[in-house]
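Here is what each chain is made of, one letter per residue.
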There are 2 protein chains.
Amino acid sequence: MRELDAKDRDILGILSKEARIPLKTLAGRIGLSRSATSERVASLENSGVIRGYRADIGQMDKGLICAFLLVTLIRTPSIGILDQLARYPEVRRVSSVSGQLDLIVEIEVPSIDRLNTLRDLIASHGGVEDLTTAIVLRRDIERAVD
Amino acid sequence: MRELDAKDRDILGILSKEARIPLKTLAGRIGLSRSATSERVASLENSGVIRGYRADIGQMDKGLICAFLLVTLIRTPSIGILDQLARYPEVRRVSSVSGQLDLIVEIEVPSIDRLNTLRDLIASHGGVEDLTTAIVLRRDIERAVD
DNA sequence: GGCGCAATCGACGCTTTGCCGGATGCCCCA
DNA sequence: TGGGGCATCCGGCAAAGCGTCGATTGCGCC
């Protein structure tokens, strides 16, 4: 499979919100037979378009503090910092960005103490010029992929 | 269900990576019978710990530009801005944060033009004092919930 | 026109699931 | 101490799920 037609897109749209929907229901919604739908889904999985299925966990991060670390580096291509960040399991996501910032690091820590420790550890890295912490007080909007 | 024991955590860990694993296999991995596992999963779903199941789409976001908008508000409890943000489907997540910033808005747009348009629309809101754009050049680290 | 490929359909049989009754372990209170 | 009450576990049954098969259809190209 190379090109994704409209029905493939429908499948992806539905599965990205309800990954455990019965094949029969899915087939009904996109207007195909169950077996044809089955083959399309299998094809999407095998070709790597569907990389997997994830449970969306809500409560689990209860008690966890989320924060953004806004990082400016001395010289942008500072490789070592990424290796260091990868070592901390609390680091959820790191994005290289354009503009005055260089990295946006998203972390989830169990306590403010751990946040400070982590912050200090990262700030003390030679490549870090500036580091601003923004603790998440509330998720105002959070949308799944549509 | 209030407290999550070790087995619940195991279930969440496995389902967060392989949401469509057969119940029997899941039961084998956590060391419980199939029906007990079934009940636990159902309980986790009903209590809202598992919010849903999503297909992880690879190719689909191709061509989409991700960006962070770092927003400072005039007066922090500026309700109107959230309503406005919620109207744009490109807005993926909005977090109220502590520190010099007030909001961190994550968006996904199909083009730089659309990014600029969105940026201007948000910046022109009365409650916005300052707005910095950080376009994501690369995702260096991205981890699923563990 | 006729051949071939790709996609669809309905049907078959196996697997997985939801639901039930009964057994087991734990806690609390008389 | 002992006996309910509650939560959790297990195994079995019926129903619904799924993958796979051959046959059919639609379409493009020789």
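Let me sum up the structure you'll find in this document. The structure presented is a predicted model; accordingly, all values stated were derived computationally and were not measured. Sequence positions are assigned chain by chain, starting from 1 and proceeding in written order. To label them, take the chains in the order written and letter them from A, then take the ligands in the order written and number them from 1. Only residues with pLDDT of 70 or above have their local features reported here, since the model is predicted, and side-chain atom pairs are shown and tallied only from 80 upward, although totals for entire chains, interfaces and linings are computed over all residues. Each side-chain value is derived from all of the structure's non-hydrogen atoms; neither hydrogens nor water enter the calculation.

1. Quick word on the protein's contact with DNA strand C
Around DNA strand C sit 13 residues in total, of which S33, E39 and R40 of chain A together with L23 and R34 of chain B are the nearest. Considering DNA strand C, the proportion of its atoms within 4 Å of the protein that are sugar or phosphate atoms stands at 45%. Polar contacts here mean pairs of N or O atoms no more than 3.5 Å apart (in protein, one a potential hydrogen donor and the other a potential acceptor; neighbouring residues in sequence count only if both atoms are side-chain atoms). K24 of chain B has a polar side-chain atom sitting 3.2 Å from a phosphate oxygen of DNA strand C. Separating a base oxygen of DNA strand C from a side-chain N or O atom of R34 of chain B is a distance of 2.7 Å. Listing elements by their share of the surface near DNA strand C, those giving two or more residues are α3 (34-46) of chain A together with α2 (23-30) and α3 (34-46) of chain B. Ten residue types, Ala, Val, Leu, Ile, Met, Phe, Trp, Tyr, Cys and Pro, are classed as nonpolar, four, Asp, Glu, Lys and Arg, as charged, and the remainder, Gly among them, as polar. The class makeup of the residues in the surface near DNA strand C is four nonpolar, four polar and five charged. One heavy atom suffices: a residue is near a molecule or strand as soon as one of its heavy atoms comes within 4 Å of it. Helical segments are the DSSP runs of H or I of at least four residues, strand segments are the runs of E of at least two, and each set is numbered from the N terminus.

2. Comments concerning the interface of chain A and chain B
The contact definition used throughout considers only heavy atoms, calling two residues in contact when any of these lie within 4.5 Å. At the junction of the two partners, chain A supplies 55 residues and chain B supplies 56 residues. Values labelled buried area give the accessible surface lost by two parts on being combined, using a 1.4 Å probe and summing over both. In total, about 5,500 Å² of surface goes out of reach between chain A and chain B, with carbon and sulfur atoms giving 52% of it. Here a salt bridge means any side-chain nitrogen of Lys or Arg lying within 4 Å of a carboxyl oxygen belonging to Asp or Glu. Here chain A is connected to chain B by six salt bridges. Across the salt bridge formed by R54 of chain A and D56 of chain B, the nearest N and O atoms sit 3.1 Å from each other. Applying the counting rule to chain A against chain B returns 30 residue pairs in polar contact (both at pLDDT 80 or more). With eleven residues, strand β5 (residues 128-142) of chain A is the single largest residue contributor to the side of chain A that touches chain B. For two strands to count as paired, DSSP must find a minimum of two bridges between them. Pairing analysis gives five bridges linking strand β3 (residues 91-97) of chain A to strand β5 (residues 128-142) of chain B, with the strands arranged antiparallel. Bridging across to β5 of chain B, R93 of chain A finds its partner in E142 of chain B.

3. Some words on the relation of the copies chain A and chain B
Superposition of chain A onto chain B requires a rotation of 180° combined with a translation of 0.1 Å along the rotation axis, giving an RMSD of 0.9 Å. Both chain copies can therefore be described as sitting about a two-fold axis. No C-alpha of chain A lies nearer the rotation axis than that of R54 of chain A, which sits 2.6 Å from it. Most of the interface of chain A is mirrored in chain B, where 100% of its interface residues again form contacts. Least-squares superposition aligns the copies on the C-alpha atoms of those residues with pLDDT at or above 70 in both.

4. Section: the pairing of strand β3 (residues 91-97) of chain B
Residue and element names in this part refer to chain B. Burial analysis of β3 places seven of its seven residues in the buried class, which makes it a mostly covered element. Inspection of the sheet shows β3 paired to strand β4 (residues 103-109) by five bridges, in the antiparallel sense. In the sheet register, S96 faces β4, and the bridge partner there is L103. Taken together, β3 and the strand that follows it, β4, pair antiparallel across an intervening segment of five residues, in which G99 is found at a positive phi of about 105°. Relative accessibility decides the category of a residue: with a 1.4 Å probe and only protein chains considered, values under 20% of the type maximum give buried, values over 50% give exposed, and everything between is partly exposed.

5. Things to note about the packing of aromatic side chains
Note on ring pairs: Phe, Tyr and Trp rings are taken, using the six-membered ring of Trp, and paired if centres are within 6.5 Å. Classes follow the plane angle, with under 30 degrees stacked, over 60 edge-to-face and the rest tilted. Under the defined criterion, the tally for this structure stands at one aromatic pair over all chains. Pairing F68 of chain A with F68 of chain B gives two aromatic rings, centres 6.3 Å apart and planes at 80°, and the pair type is edge-to-face. Here F68 of chain A is found in strand β2 (residues 65-73), whereas its partner F68 of chain B is found in strand β2 (residues 65-73) on a different chain. Taking the relative accessible area as the measure of exposure, F68 of chain B reaches 1% and is therefore buried. Criterion for a charge above a ring: Lys NZ or Arg CZ within 6 Å of the ring centre, and within 35 degrees of the ring normal. Sitting over the face of the ring of Y53 of chain B, R20 of chain A holds its NZ or CZ atom 4.5 Å from the ring centroid.

6. Section: the sheet that holds β3 of chain A
Strand order around the closed barrel formed by eight strands is β2(A)-β4(A)-β3(A)-β5(B)-β2(B)-β4(B)-β3(B)-β5(A), with antiparallel pairing between neighbours. Averaged over all pairs of adjacent strands, the angle between strand axes in this sheet comes to 35°, irrespective of strand direction. Of the strand pairs in this sheet, β2 of chain A and strand β4 (residues 103-109) of chain A are connected by seven bridges, and their pairing is antiparallel. Bridging from a neighbouring strand, L70 of chain A pairs with I104 of chain A of β4 of chain A. Fitted lines through C-alpha atoms give the axes, limited to the stretch in contact for helices. The angle between two N-to-C directions lies from 0 to 180 degrees. Helix-sheet contacts for helix α5 (residues 112-123) of chain A involve β2, β4 and β5 of chain A, and the interaxial angle to β5 of chain A is about 145°. Contacting β2, β4 and β5 of chain B, helix α5 (residues 112-123) of chain B crosses the sheet at an angle of about 145° to β5 of chain B.

7. Overview of the pairing of β2 of chain A
Residues and elements named next belong to chain A. Burial within β2 is extensive, with nine of its nine residues counted as buried. In β2, alternate side chains face the same way, and those of I65, A67, L69, V71 and L73 on one face and C66, F68, L70 and T72 on the other are all buried. As paired elements, β2 and β5 share seven bridges and run antiparallel to each other. The partner of L73 across the bridge, within β5, is V128.

8. Details of the nonpolar core
Within the largest apolar cluster, 32 residues are counted, with the highest numbers of intra-cluster contacts made by L15 of chain A together with L15 of chain B. Apart from residues no more than four positions distant in its own chain, L15 of chain B is found in contact with R20, Y53, R54 and A55 of chain A together with I21, L26, V41, I50 and Y53 of chain B. Nonpolar cores were defined as sets of buried Ala, Val, Leu, Ile, Met, Phe, Trp, Tyr and Cys residues, with membership established by side-chain atoms within 4.5 Å.

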